[in-house]
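# Reading the structure
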Amino acid sequence: MTVRIRPLDPLKDAELIHPWVTHPKAGFWMMQDHRLEDVERDYMAIAANPHHDAFIGLVDEEPAFLMERYDPAKAELVGLYEPQPGDVGMHFLVAPTETPVHGFTRRVITAVMAELFADPATARVVVEPDVRNKAVHALNEAVGFVPDREIQKPEKKALLSFCTRAAFEAAVGAAV
């Protein structure tokens, strides 16, 4: 399995990701009722934000996941925790499929984390999934995240969790 991550082009990729973010399994993305134009608008806003980026993940050159990277000191978590130098926020979503592959999502989150830690400036990855999203909590733990506490965001109650480079390396058994 080869993974490549490229920048998301909001106008070209909105049609690709629209069925991903509106799929019933993507309920925690809170975009269920989004029209194509809404997805374009949301990702144009991310593209215009100097502290937030979106990417398409390709597995064996097929679009397979969505990844977002953000600066938690300037977006998403402002005022909700004390950011440290080198903190990077992350969201990821695996494209829905009719034929799930066992372990695929874990391989995706591992690739996402490796991509984030490929930047030597990244010291710690920060996530804030919905407290009810037990599946992603388990995935996060598998790659080294440690829950810190529940926080109240405007749109959800979230589980603030952190993963250091050393914790990721220990969890996946490889240096990055």
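In case you missed it, the structure is sitting above this.
Reference entry: report on the structure contained in this document. Everything numeric here is computed off the predicted structure, so don't read it as measured data.

### Describing the overall build of the chain
Across its full length, the chain carries five helices and seven strands. Along its sequence from the N terminus, the chain presents helices and strands in the succession β-α-α-β-β-β-α-β-α-β-β-α. A compact globule built from 176 residues would reach a C-alpha radius of gyration of about 16 Å, and the chain, at 15 Å, matches this within 12%. Across its three principal directions, the C-alpha atoms of the chain cover 40 × 35 × 30 Å.

### Details of the packing of aromatic side chains
Using the criterion set out here, one finds two aromatic pairs in the structure. A ring pair is formed by Tyr 81 and Phe 162, whose centres lie 5.6 Å apart and whose planes are at 45°; its orientation type is tilted. Placement of the pair is Tyr 81 in the loop between strand S3 (62-70) and strand S4 (87-94) and Phe 162 in strand S7 (residues 157-164), with a sequence separation of 81 residues. Each member of the pair Tyr 81 and Phe 162 is classed as buried. Ring centres of Phe 117 and Phe 168 lie 5.6 Å apart, and the angle between their planes is 25°; on these two criteria the pair is classed as stacked. Of this pair, Phe 117 sits in helix H3 (residues 104-117) while Phe 168 sits in helix H5 (residues 165-172), and the two are 51 residues apart along the sequence. Exposure remark for Phe 117: the relative accessible area of 1% places this residue in the buried category. Take Phe 168: its relative accessible area is 1%, and that puts it in the buried class. Cation over ring: Arg 124 sits above Phe 162, and NZ or CZ is 3.9 Å from the ring centre.

### Thoughts on H3
An ideal rise of 1.5 Å per residue puts 20 Å on 14 residues; H3 measures up with 20 Å between its terminal C-alpha atoms. Among the residues making up H3, those that are buried are Phe 104, Val 108, Ile 109, Ala 111, Val 112, Met 113, Leu 116 and Phe 117.

### Some words on the side chain of Glu 128
Turning to its location among the elements, Glu 128 is positioned in the loop between strand S5 (124-127) and helix H4 (134-142). In this structure Glu 128 comes out as buried when scored by relative accessible area, which is 2%. There is a polar contact of 2.5 Å between the side chain of Glu 128 and the side chain of His 91. Residues contacting Glu 128, with those up to four places away along its chain left out, are Tyr 70, Glu 76, Leu 77, Met 90, His 91, Ile 151, Lys 153, Lys 156, Ala 158 and Leu 159.

### Some remarks on the nonpolar core
Within the largest apolar cluster, 25 residues are counted, with the highest numbers of intra-cluster contacts made by Phe 65, Met 90, Phe 92, Val 112, Met 113, Leu 116 and Phe 145. Breaking this core down by element, the ones donating at least two residues are strand S2 (52-59), S3, S4, H3, S5 and H4. The greatest single-element share of this core, amounting to seven residues, is contributed by H3. Of all hydrophobic cores here, the second largest spans 17 residues; its members include Leu 8, Ala 14, Ala 54 and Ala 95.

### Thoughts on the layout of surface pockets
Put simply, the largest pocket is a space of about 1,200 Å³. Lining the largest pocket we find 47 residues, and of these Ala 26, Trp 29, Phe 92, Leu 93 and Val 94 sit closest to its centre. For the lining of the largest pocket, the secondary structure elements donating two or more residues are helix H2 (36-48), S2, S3, S4, H3 and H4. Sort the elements by how many residues they give to the lining of the largest pocket and S4 lands first, with five residues. In terms of residue class, the lining of the largest pocket is built from 26 nonpolar, 10 polar and 11 charged.

### Overview of the packing of H3 against H5
The interhelical angle for the contact between H3 and H5, taken along N-to-C directions, is 145°, at an axis separation of 11 Å. As H3 packs across H5, the resulting crossing turns out to be left-handed. Contacts from Thr 110, Met 113, Ala 114 and Phe 117 in H3 reach Arg 165, Phe 168 and Val 172 in H5. Classifying every residue of the contact of H3 with H5 by side-chain character gives five nonpolar, one polar and one charged.

Definitions and cut-offs
Residues numbered from 1 in each chain as written. Predicted model: local features only at pLDDT ≥ 70, side-chain atom pairs only at ≥ 80, totals over all residues. Heavy atoms only, no water. Helix = DSSP H or I, 4+ residues; strand = E, 2+ residues; numbered from the N terminus. Rg over C-alpha atoms; globule rule 2.2 N^0.38 Å. Phe/Tyr/Trp six-rings, centres within 6.5 Å; stacked < 30°, edge-to-face > 60°. Buried < 20%, exposed > 50% of the residue type's maximum accessible area, 1.4 Å probe, protein only. Lys NZ or Arg CZ within 6 Å of the ring centre and 35° of its normal. Expected span 1.5 Å × (residues − 1). Polar contact = N/O pair within 3.5 Å; in protein donor to acceptor, adjacent residues only side chain to side chain. Contact = heavy atoms within 4.5 Å. Core = buried A, V, L, I, M, F, W, Y, C linked by side-chain atoms within 4.5 Å. 1 Å grid on protein atoms, 1.4 Å probe; cavity = no way out; pocket = protein on both sides within 12 Å on 5 of 7 lines; lining within 4 Å. Points joined across faces, edges and corners; volume = space filled by probe spheres on them. Nonpolar A, V, L, I, M, F, W, Y, C, P; charged D, E, K, R; others polar. Axes fitted to C-alpha atoms, helices over the stretch in contact; angles between N-to-C directions. Left-handed = near helix turned anticlockwise from the far one by under 90°.

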